[in-house]
Structure formats: structure tokens, C-alpha cells
Amino acid sequence: MKVGILGGGQLGRMLALAGYPLGLTFRFFDPNPLSPAGQIGELIAAPYDDEDSLRTFASGLDVATFEFESVPRAAADLVASMVPVRPPPAALSAAQDRLAERELLERLGIPVAPHVPVSSESELSAAAARLGYPLVLKARTLGYDGKGQARIEAASELRAAWAAIGQRPAIVERVVNFTRELSVIGVRAGDGSMVTYPVIENHHSEGILRFSFAPAEASSAVQQAAEAIVRKVADALDYEGVLAIELFDTASGLVANEIAPRVHNSGHWTMEGAETSQFENHLRAVLGMPLGATQAIGFSAMVNLIGSVPDVSRLLAVSGAHVHLYGKSASHRRKLGHVNVRAETAPAVRDSVAELRRVMAETNPDKS
Ligand code: AMP
């Protein structure tokens, strides 16, 4: 069977690497001819508004999916007029606009940070006066890894924040007083059945995910609350495939921050750390195959390699380490690969992460 993937980044590449053992073949679509997925599969490099190229991409596919939530809805709809697209393209609309995302979550009764949509500096000032400080201003579209985002501590910073996000339609929201960041990853099949991975603990700096631990140390109440959130969103979207939700853990419970309608960076540990990886499970779901078990095997962590890649031998010398490189050229703040570590105990995983971060700090100008 042939699977088409809109987007040719590392997520697409890892989907294909998980799909080859199942006998699948892959075709990617990405505007960048040097996309990481092009090194391992057929790549059609064209802009997302090139309808002829999209038709060439779709022809002969059994199913198409996406690995990038900013794929324009019109491109996904055109492909969907020729072959099934899973998850449904409507999931893109829900994730592409932070206001629509917040509205969906609120409609489902899922707590989100208090927020106000703003489209001018004066609206921003009025909203800030209502919400109180500190605040985060987020462009409604095309924000990721902390881009299109500015923190505002006081009224004197409003103008600079508005300029920093490019004076675009945005939401401004209260900074959530969280104890830690978590994520939950669910996999929903076409018949509505669903499996969920153990909750993951995530550590960001400068808006970029640096490392994750899984399973997070979480009570069964937290695990169940996270599962209920991902289940509600997946059902509302009539979703098929892997769906990730980023969460803040607070004294008054979980607060949802972001919906990712795709495989997710915080789920990379599943490659060696779970019975079935998120990549394989996404393919199983979109192809209508039985979903795989999601239990963790021992304890895992994932450490992103950002900006530069240390000597691979030094990384592999760390106990339990598995290196995954994406075939990308190095540049500042760019995710170039990740290292998964797995061990029988959580402290052993933490020791390996500390060791990995030492190796990275010695060689990496973008310290994590
Ligand atoms: P996002 O692009 O919304 O995932 O934000 C990137 C990171 O910025 C999050 O993972 C948090 O670390 C931080 N952040 C975003 N929104 C908030 C908020 N309302 N309160 C506190 N931290 C936030």
C-alpha cells in the first residue's frame, strides 16, 4: 500500500521508517526539495498551491496523511477529493488558528488559559488591562517552537510585543502558573476506538521542547484526566491517527495549551520506549489496521539535538542511548535529531539525560 504524506520533515521521515517494515511505500509532498523525507522516499517538491503537483502526489495513493499542521487546508482538501485523507482535513483548521483551537477546547469543557483575541495595539492594551499581567501574546497562525510569541510583564512592554509578533491577529492570554508541562498522545481508529500512551513530562526553554520523560510521574487521576481530554478532542474532530495535546499541570488541574493533529516531538520516546511507536500507530490508524499496544517498556527520556549534533559516538556511549538524526543541515534553534534513552528505573534515565546534556553542552552552542 502506498501512503502519501503532506510535509517532508523529520516527522514524515520517521513515519516512513516505521512503515517500511509493514511493507508500506511512501510519497511525500513538501515545498523544500531538501526535506529530510526526500532522502528516504519519493518527494514531490512544489508549493502547496500548485494544484497539478498535488494531483500528481495524490494519484495512486491508498491514503494520505500530514505530518505538519500548517499544511494549507485547501491543499489537503484537494488531495481529499482524490484519496482518503486521515486525519480529516478539518483537524488542520482546528489547529492552525489559536483562537479556533481555544474555542474548540472551551466548547468541550476543557480548561484553557484566560485569553482575548486582539487585532490591533489598542485592542491589546484594553485586553491586557482586563486580564492583568504577566501575559503571553501569540499570533493566531503560523506560530511554532515559540515563534510568533512574546511575553509581556507590564504595560510598558505592550508596544514591543505587538511589533515582535509582526502586528498580526493574535490572542493574548494569562501566563499559567503551572508546576510542570505535560502532554498526552492518543491514537484513534476509524471505528472510534482509542488507545493512549502514558502521560509525558516535557521541558521547554525559549519556547522549544528540549527533553521529555515518560511515563511522567503522574497519579492515575492525572493520567485519566489527560486521557479524557484527548478523547474528547479526538471524538469532536472524528479523528483518525495520532493526536497530541500539550498540557499545563496546575494546582487546580490540567489546562490545555495546544492541539497537535499529528505525531508529536514529545512522543519520540515511543520508538524504543513503548510496545508500539507513535509513528507505527499513526500508520495503523490511518490504514484501518489494528492499533498497537501503548504500554511503556521501562522508563524513557527523549533529548532533542538542537542547533548542532555532538559526536555520535559520544552520544552512543551513554547508557541506554539510541540516536535518531534527521539528515538536516545545522542551523541555530533547528531540531536536527534526538536521542532516546531507556532504562529499568527512572533515576537511571535521569542519570543518562544528565550525561547526554553534559556531552551536548561541551559541543553545542545552543545549550539545552
Ligand atoms: P506554545 O507555542 O503555545 O506551545 O508555547 C510554547 C511554550 O511557551 C509552552 O510550552 C510553554 O512553555 C510556554 N507558554 C505558552 N503559553 C503559556 C502560558 N499561557 N502560560 C505559561 N507558559 C506558556
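Bear in mind that the values here come from a model prediction, so they are computed numbers and not experimental data. (Residues numbered from 1 in each chain as written. Predicted model: local features only at pLDDT ≥ 70, side-chain atom pairs only at ≥ 80, totals over all residues. Heavy atoms only, no water.)

Draft legend 1. Representation of the packing of helix H2 (residues 51–58) against helix H3 (residues 73–80) in the model. Across the interface, H2 lies against H3 with an axial gap of 9 Å and an inter-helix angle of 45 degrees. When the interaxial angle is binned, H2 and H3 end up oblique. The chirality of how H2 crosses H3 is right-handed. Here Glu-51, Leu-54, Arg-55, Phe-57 and Ala-58 of H2 lie close against H3, whose contacting residues are Ala-75, Leu-78 and Val-79. When the residues that make up the contact of H2 with H3 are grouped by side-chain class, the tally is 6 nonpolar, no polar and 2 charged. (Axes fitted to C-alpha atoms, helices over the stretch in contact; angles between N-to-C directions. Helix = DSSP H or I, 4+ residues; strand = E, 2+ residues; numbered from the N terminus. Parallel < 35°, antiparallel > 145°, perpendicular 65-115°, else oblique. Left-handed = near helix turned anticlockwise from the far one by under 90°. Contact = heavy atoms within 4.5 Å. Nonpolar A, V, L, I, M, F, W, Y, C, P; charged D, E, K, R; others polar.)

Draft legend 2. Structural detail: the sheet that holds strand S7 (residues 149–152). Across the sheet, which stays open at both edges, the 4 strands sit in the order S5-S8-S6-S7 with antiparallel pairing between neighbours. Edge positions in the sheet fall to strand S5 (115–118) and S7, since each has one partner strand and no second. Between one strand axis and the next, the sheet turns through 20 degrees on average, direction left out of account. Here 4 bridges tie strand S6 (residues 135–139) to S7, and the two strands are oriented antiparallel to one another. Within the sheet, the bridge partner assigned to Leu-137 lies in S7 and is Ala-150. Relative to S5, helix H6 (residues 121–131) is tilted by about 170 degrees, and along the sheet it contacts S5, S6, S7 and strand S8 (170–174). (Pairing = 2+ DSSP bridges.)

Draft legend 3. Local environment of the environment of Gly-109. Examined against the element boundaries, Gly-109 turns out to sit in the loop between helix H5 (98–107) and S5. Look at Gly-109 and you get exposed, because its relative accessible area is 55%. (Buried < 20%, exposed > 50% of the residue type's maximum accessible area, 1.4 Å probe, protein only.)

Draft legend 4. Looking closely at the nonpolar core. Ranked by internal contacts, the top residues of the largest apolar core, which has 31 residues, are Val-3, Phe-26, Trp-269, Phe-279 and Leu-283. Among the secondary structure elements, those contributing two or more residues to this core are strand S1 (2–6), helix H1 (10–19), strand S2 (25–30), strand S9 (180–188), strand S12 (208–214), strand S13 (241–250) and helix H10 (278–286). The element best represented in this core is H1, accounting for 5 residues. Among the nonpolar cores identified, the runner-up in size contains 25 residues, and Ala-216, Ile-229, Val-230 and Leu-243 belong to it. (Core = buried A, V, L, I, M, F, W, Y, C linked by side-chain atoms within 4.5 Å.)

Draft legend 5. Summary view of the pairing of S8. In terms of residue burial, S8 counts as a mostly covered element, since 4 of its 5 residues are buried. Sheet analysis places S5 next to S8, joined by 4 bridges and oriented antiparallel. Counterpart to His-115 in the pairing with S8 is Glu-173. Bridge count between S6 and S8: 5 bridges; the pairing is antiparallel. Opposite Lys-138, over in S8, you have Ile-171 as the bridge partner.

Draft legend 6. Fine view of the sheet that holds strand S3 (residues 42–45). Ordered in space as S3-S2-S1-S4, the 4 strands form an open sheet in which the pairing is parallel. With partners counted over all chains shown, the strands left at the sheet margins are S3 and strand S4 (63–66), one partner each. On average, each strand axis in the sheet is tilted by 25 degrees relative to the strand beside it, whichever way the strands run. For S1 and S2, the ladder comprises 5 bridges, and the chain directions are parallel. Paired with Val-3 across the strands is Phe-26, a residue of S2. Along the sheet, H2 contacts S1, S2, S3 and S4; its crossing angle with S2, the most-contacted strand, is approximately 170 degrees.

Draft legend 7. The arrangement of the environment of Ala-228 in detail. In this fold, Ala-228 is placed in helix H8 (residues 220–236). Judged by relative accessible area, which is 36%, Ala-228 ranks as partly exposed. Taking C-alpha positions, Ala-228 is 9.9 Å from Thr-196, a pair spaced 32 residues apart along the chain.

Draft legend 8. Structural detail: the pattern of salt bridges. If you walk through the whole model with that rule in mind, you get 24 salt bridges. Here Arg-55 ties to Glu-51 by a salt bridge, and the two come within 3.4 Å at their closest N and O atoms. Taken together, the residues span about one helical turn, with Arg-55 and Glu-51 both in helix H2 at a distance of 4 residues. For Asp-235, the salt bridge identified is with Arg-231, shortest N-O distance 3.0 Å. Of this pair, Asp-235 and Arg-231 are both found in helix H8, 4 residues apart, which corresponds to roughly one turn of the helix. Judged by its relative accessible area of 30%, Arg-231 is partly exposed. One network of salt bridges, with partners in common, ties together Glu-101, Arg-102, Lys-138 and Glu-173. (Salt bridge = Lys/Arg side-chain N within 4 Å of Asp/Glu carboxyl O.)

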